[in-house]
Amino acid sequence: MSLWYTGTEEYIEGRNCPVFVIGTDHEEHFTKEKYYAAGDNVVYYYDPLGDAWLLLGAG
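Conventions and cut-offs
Each chain carries its own residue numbering, running from 1 in the direction its sequence is written. Local features in a predicted model are, by the rule used here, given only for residues with pLDDT of at least 70; side-chain atom pairs are given and counted only at 80 or more, and totals for whole chains, interfaces and linings are based on all residues. Working from all heavy atoms in the structure, the side-chain values ignore hydrogens and water. One side-chain nitrogen of Lys or Arg within 4 Å of one carboxyl oxygen of Asp or Glu is enough to make a salt bridge. Whether a residue is buried, partly exposed or exposed follows from its accessible area with a 1.4 Å probe, protein chains only, as a fraction of its type maximum: under 20%, in between, or over 50%, in that order. The numbering of helices and of strands both runs from the N terminus, where a helix is a DSSP run of H or I of at least 4 residues and a strand a run of E of at least 2. At least two bridges found by DSSP between two strands is the condition for calling them paired. Throughout, nonpolar core names a set of buried Ala, Val, Leu, Ile, Met, Phe, Trp, Tyr and Cys residues whose side chains join them through atoms within 4.5 Å. Contacts are residue-level and defined by heavy atoms, with any inter-residue pair within 4.5 Å sufficient. Two rings belonging to Phe, Tyr or Trp (six-membered ring only in the last case) form a pair when the distance between their centres is within 6.5 Å. Interplanar angles under 30 degrees mark stacking, angles over 60 mark edge-to-face geometry, and anything in between is tilted. To obtain each axis, a line is fitted to C-alpha atoms, and for helices this fit is confined to the stretch in contact; angles are then taken between N-to-C directions over 0 to 180 degrees.

### Some points on the pattern of salt bridges
Move 1: Following the criterion strictly, the structure yields two salt bridges and no others.
Move 2: The partner of Glu 13 in a salt bridge is Arg 15, with the nearest N and O atoms 3.8 Å apart.
Move 3: Look at Glu 13 and you get exposed, because its relative accessible area is 59%.
Move 4: For Arg 15, the salt bridge is made with Asp 40, and the minimal N-O distance between the two is 3.9 Å. With a gap of 25 residues between them, Arg 15 in strand E2 (residues 15-25) and Asp 40 in the loop between strand E3 (30-39) and strand E4 (42-47) connect regions that are remote in the sequence.
Move 5: Within this structure, Glu 13, Arg 15 and Asp 40 form a network of salt bridges that share partners.

Shown next as structure tokens:
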């Protein structure tokens, strides 16, 4: 598994959060598996079924 910065940000609950993706790095391509966003000591994960950013944890 590898963590990549997507180069994008999402505005979530009043915070600008950089978006990261965790996936499998194959020789020929990268398979994206889970998206996360972080900002101001909180981490969100993207729920594709609900099309929403959900709070994963706070520090």
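After that view of the structure, there is still more to cover.
### Some remarks on the pairing of strand E1 (residues 2-12)
Move 1: Here E1 pairs with E2 via eight bridges, running antiparallel. Paired with Tyr 11 across the bridge in E2 is Asn 16.
Move 2: Counting the residues in the hairpin turn of E1 and E2 gives two residues, including Glu 13, whose phi is positive at 50°.

### A look at the nonpolar core
Move 1: Listed in full, the six residues of the largest apolar core are Ile 12, Cys 17, Val 19, Ala 37, Val 42 and Tyr 44.
Move 2: Mapped by element, the contributors of at least two residues to this core are E2 and E4.
Move 3: Look past the residues within four positions of Cys 17 in its chain and what remains in contact with it is Thr 8, Glu 9, Glu 10, Ile 12, Ala 37, Ala 38, Gly 39 and Tyr 44.

### Notes on the packing of aromatic side chains
Move 1: For the structure shown, the criterion picks out three aromatic pairs.
Move 2: On the numbers, 5.4 Å between centres and 50° between planes, the contact of Tyr 5 with Phe 20 is tilted. Highlighted residues: Tyr 5 in strand E1 and Phe 20 in strand E2, separated in sequence by 15 residues.
Move 3: We classify Tyr 5 as partly exposed; its relative accessible area is 48%.

### Quick look at the sheet that holds E2
Move 1: Taken in spatial order, the five strands line up as E1-E2-E3-E4-E5 in an open sheet, and their pairing is antiparallel. Whereas interior strands pair on both sides, the edge strands pair on one side only; in this sheet they are E1 and strand E5 (52-58). Strand after strand, the sheet turns through a mean of 30° between neighbouring axes, direction not considered.
Move 2: Note: E2 against E3, seven bridges, orientation antiparallel. Of the residues in E3, the one forming a bridge with Val 19 is Ala 37.

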